[in-house]
Amino acid sequence: MQCPLLYRFRVIDKLPEKPSEAATRGTLVHAVLERLFDDPATERTAGRARALVPGQWDRLLESKPQLTELFAGDQEGERLSRWLVEAEELVERWFTLEDPTRLEPAERELFVETELESGLRLRGIIDRVDVAPSGEVRIVDYKTGKAPRPEYAEGALFQMKFYALVIWRWKGVVPRRLQLVYLGSGDVLTYDPVEADLERVERKLLALWEAIREATETGDWRPRPTKLCGWCDHRAVCPEFGGTPPAYPLPVALTERPADPAEGGQGRMGPV
Ligand code: SF4
């Protein structure tokens, strides 16, 4: 949805991307918020959560040693200390938005998967699922960035509606509430979906998958520049920035083009 060419670089060419401080801080904060629920409810305090940060960072480094690259050259460890404090502040802000002593999640980091009637398989990982005594389901996702301006809220909610669709198709239950918790700005965005919302998301996904299938066959992946290009690791090979993409690694569908008088009236074979 963001940029077809970026999708190609990531999914088809599998070009490597450097870990970023912001994304890694997000992973660390998620790990702390998940881990905190292992403790008894009364011990889920802001101090306890902050204290979990260094240990969870060590665990993350053990599982992904390449993350040490992030702080290469930081001899005195100043950048790392600042970064860890920022992670602690994000964790602490969560306590102004939710009260974990009153929450008992049904699931954390829940892997969900379903197959639509068309055969399209959807999967994702949901940060937290709460189930009320009445059986109503709430899906919660933590974001370490800031809440979007109201005109961009729809885009932010798409991911949540995607999860809701997967749960609906998988378990036959439409989640009662979708909740985005923005730790960067201290905001909570909620939405109560109805079946028609999820049907719309399903139609959009099918159209998206059709576009992906077609581009995969033809090799026609267009760049779609936006301000997000500033965070793209692939500018050096993006035509929008004067680069040339690597040779397309998949076979390209050849289609007979109609005869064009300007080309001498002969049809020719070529990628479309
Ligand atoms: S730099 Fe922008 S346009 Fe180019 S691939 Fe990345 S996101 Fe797409």
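Computed from a prediction, not measured in an experiment: that's the story for all the values here.

Calculation notes
- Residues numbered from 1 in each chain as written.
- Predicted model: local features only at pLDDT ≥ 70, side-chain atom pairs only at ≥ 80, totals over all residues.
- Heavy atoms only, no water.
- Pairing = 2+ DSSP bridges.
- Helix = DSSP H or I, 4+ residues; strand = E, 2+ residues; numbered from the N terminus.
- Axes fitted to C-alpha atoms, helices over the stretch in contact; angles between N-to-C directions.
- Near = heavy atom within 4 Å.
- Nonpolar A, V, L, I, M, F, W, Y, C, P; charged D, E, K, R; others polar.
- Expected span 1.5 Å × (residues − 1).
- Buried < 20%, exposed > 50% of the residue type's maximum accessible area, 1.4 Å probe, protein only.
- Domains from an automatic or database assignment.
- Buried area = accessible area lost by both parts, 1.4 Å probe.
- Salt bridge = Lys/Arg side-chain N within 4 Å of Asp/Glu carboxyl O.
- Polar contact = N/O pair within 3.5 Å; in protein donor to acceptor, adjacent residues only side chain to side chain.

A.B. asks: Outline the sheet that holds strand β4 (residues 177-182), listing residues and values.
C.D. replies: Here five strands make up an open sheet; going across it, the order is β1-β2-β3-β4-β5 and the pairing mixed. Strands with a single pairing partner mark the edges of an open sheet, and in this sheet they are β1 (107-115) and β5 (187-191). Taking the axes of each pair of neighbouring strands and ignoring which way they run, one obtains an average angle of 35° across the sheet.

A.B. asks: Kindly report on the site of the ligand, identifying the contributing residues and their values.
C.D. replies: Close to the ligand lie C3, L6, P223, R224, P225, C229, C232, R235, C238 and F241. The residue inventory of the shell around the ligand, partitioned by class, reads eight nonpolar, no polar and two charged.

A.B. asks: Tell me about the pairing of strand β2 (residues 121-131), and name the residues and values.
C.D. replies: Judged from the eight bridges that link them, β1 and β2 form a sheet pairing that is antiparallel. By the bridge assignment for β2, T114 is matched with L122. The turn joining β1 and β2, which pair antiparallel and follow one another in sequence, is formed by five residues; a positive phi near 100° is taken by G119. Between β2 and strand β3 (residues 137-143), which pair antiparallel and follow one another directly, the connecting turn spans five residues, one of which, G135, has a positive phi of 95°.

A.B. asks: Describe helix α6 (residues 195-218), and please don't skip the residues or the numbers.
C.D. replies: For α6, which comprises 24 residues, the first-to-last C-alpha distance of 35 Å matches the rise-based estimate of 34 Å (1.5 Å per residue) to within 8%. Those residues of α6 that fall on the buried side of the exposure criterion are D197, L198, V201, E202, L205, I212, A215 and T218. Of the residues one or two after α6, G219 is the one with positive phi, at around 75°.

A.B. asks: Just give me the short version of unusual backbone geometry, but keep the residues and values in it.
C.D. replies: Most peptide bonds are trans, and most residues other than glycine sit at a negative phi. Positive phi values are uncommon outside glycine, yet K14 reaches one of about 55°. Assessed through its relative accessible area of 61%, K14 is described here as exposed. A positive phi is found at E109, a non-glycine position, where the angle reads about 50°. Relative to the assigned elements, E109 resides in strand β1.

A.B. asks: Kindly report on the domain arrangement of the chain, identifying the contributing residues and their values.
C.D. replies: By convention, interface size is frequently given as the accessible area that disappears when the constituent parts associate. Taken domain by domain, the chain comprises domain 1 (18-101) and domain 2 (107-193). Taking only C-alpha atoms, the centre of domain 1 and the centre of domain 2 are 23 Å apart. For the pair domain 1 and domain 2, the summed buried area comes to about 1300 Å², and 62% of that belongs to carbon and sulfur atoms. By the criterion of area lost to domain 2, the three top residues of domain 1 are H30, L97 and E98, representing 41% of everything that side buries. Linking domain 1 with domain 2 are two salt bridges, by the criterion used here. The salt bridge partner of R128 is E98, with a shortest N-O separation of 2.9 Å. Counting every contact that joins domain 1 to domain 2 gives eight residue pairs in polar contact (both at pLDDT 80 or more). Every element with two or more residues in the side of domain 1 that touches domain 2 is listed here: α2 (21-36) and α4 (78-94). Here the element with the most residues in the side of domain 1 that touches domain 2 is α2; it accounts for six residues. Class assignment of the residues belonging to the side of domain 1 that touches domain 2 gives a composition of six nonpolar, two polar and five charged.

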